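A look at the structure
Each chain, written out:
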Amino acid sequence: MAIERTLTILKPDCVRKNLIGEVTKRIQEAGFNICAMKLVKLTKTEAEGFYAVHKGRPFFEELTTFMSSGACVPMVLEKENAIADFRTLIGATNPADADEGTIRKDFADSVGENIVHGSDSVENGKIESNYFFPEHEIVANAM
Ligand code: CMP
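Notes on the structure follow.

Let's talk about the side chain of Glu78
Mapped onto the fold, Glu78 is located in strand 3 (residues 73-80). What makes Glu78 buried here is its relative accessible area of 15%. Here Arg5 takes part through its side chain, which lies 2.9 Å from a polar atom of the side chain of Glu78. Here Glu78 is in contact with Ile3, Glu4, Arg5, Gly31, Phe32, Asn33, Cys35 and Asn141, once residues within four sequence places are set aside.

Considering the sheet that holds strand 3
As summarised here, the arrangement of the four strands in space is 2-3-1-4, forming an open sheet in which the pairing is antiparallel. Each having just a single partner strand, strand 2 (33-37) and strand 4 (116-118) make up the two edges of the open sheet. Neighbour-to-neighbour, the strand axes of this sheet turn through a mean angle of 25°, independent of strand direction. The sheet contact formed by strand 1 (residues 3-10) and strand 4 spans three bridges and is antiparallel. Within strand 4, the position partnered with Leu10 by the bridge is Val116. Helix 2 (residues 20-29) contacts strand 1, strand 2, strand 3 and strand 4 of the sheet and is inclined by roughly 170° relative to strand 1. Its contacts with the sheet put helix 5 (residues 82-90) on strand 1, strand 3 and strand 4, and the angle it makes with strand 1 is roughly 35°.

Things to note about the site of the ligand
Neighbouring the ligand are Lys11, Tyr51, His54, Phe59, Glu62, Leu63, Thr93, Arg104, Val111, Gly112, Asn114 and His117. Val111 places a main-chain nitrogen or oxygen 2.7 Å from an oxygen atom of the ligand. Taking 460 Å² as the accessible area of the ligand by itself, protein coverage stands at 79%.

Structural notes on the pattern of salt bridges
Where charged atoms of side chains with opposite charge meet at close range, the side chains can pair. This model, assessed by the stated rule, comprises ten salt bridges. Note that Lys17 is salt-bridged to Asp109, the shortest N-O span being 3.1 Å. Here the residue Lys17 occupies a position in the loop between helix 1 (12-16) and helix 2, and Asp109 occupies one in the loop between helix 6 (103-107) and strand 4, the gap between them amounting to 92 residues. Using a relative accessible area of 34% as the deciding quantity, one classes Lys17 as partly exposed. In this structure, Arg26 engages Asp106 in a salt bridge whose closest nitrogen and oxygen atoms are separated by 2.8 Å. Of the two residues, Arg26 sits in helix 2 while Asp106 sits in helix 6, which places them 80 residues apart along the sequence. Look at Arg26 and you get partly exposed, because its relative accessible area is 21%. The class of Asp106 is partly exposed, set by a relative accessible area of 38%. Beyond isolated ion pairs, a larger network of salt bridges with shared partners links Glu22, Arg26 and Asp106.

Parameters and conventions
- Chains are numbered independently. Their residues run from 1 in the order of the written sequence.
- Selection of residues for local features in this predicted model requires a pLDDT of at least 70, selection of side-chain atom pairs for listing and counting requires 80 or more, and totals for whole chains, interfaces and linings are taken over all residues.
- Note: side-chain values were computed over all heavy atoms of the structure, leaving out hydrogens and water.
- Elements are defined by DSSP. Helices are runs of H or I of four residues or more, strands are runs of E of two residues or more, and each kind is numbered from the N terminus.
- Between buried and exposed lies partly exposed: a residue is buried under 20% and exposed over 50% of the maximum accessible area for its type, with that area taken using a 1.4 Å probe on protein chains only.
- Contacts described as polar in this section are N or O atom pairs within 3.5 Å, which, within protein, must combine one atom able to donate a hydrogen with one able to accept it, while residues neighboring in sequence count only if both atoms come from side chains.
- By the convention used here, residues are in contact when the closest approach between their heavy atoms is within 4.5 Å.
- Paired strands are those between which DSSP finds at least two bridges.
- Orientation is described by lines fitted to C-alpha atoms, with helices fitted over the stretch in contact, and by angles between N-to-C directions that extend from 0 to 180 degrees.
- We call a residue near a molecule or strand whenever a single non-hydrogen atom of that residue lies within 4 Å of it.
- Note that accessible areas follow from Shrake-Rupley with a 1.4 Å probe, and for residues the cover is restricted to the protein chains shown.
- When a carboxyl oxygen of Asp or Glu is within 4 Å of a side-chain nitrogen of Lys or Arg, the pair counts as a salt bridge.

Here it is in structure tokens:
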């Protein structure tokens, strides 16, 4: 299987619940290497830019207000089969549908406040990673 990268964001609910350490530990124990990470507070406009593909959806306003409501922690992660494996680790978008033992099942309150974001494809992972990190801030072979 190919080495892939994915972009995750530990969302404002994750930060407010003091779960940065716990969620990062689960990510690392699942074999993901962290190639970039930082703590940022998005403006509403930056959140709208990141989620531009969802513009026009009924939840867009709620989503972008939430994502700009506090600090979050974007990370670029690398691993074989990273896109699919990360989505398995975090569970379904709606925590009510997420499998037992997944990050969202254990920590998320709702579909809107669901602790983490994960890219849905390699292509989108690259676009999303570059939304937060210029190429020179993404460390190849970080391990
Ligand atoms: P994420 O993986 O970050 O990508 C888009 C986000 O939109 C998703 O996680 C959810 O948090 C959010 N989302 C999807 N559906 C809804 C909804 N019905 N109501 C509120 N937020 C939603």
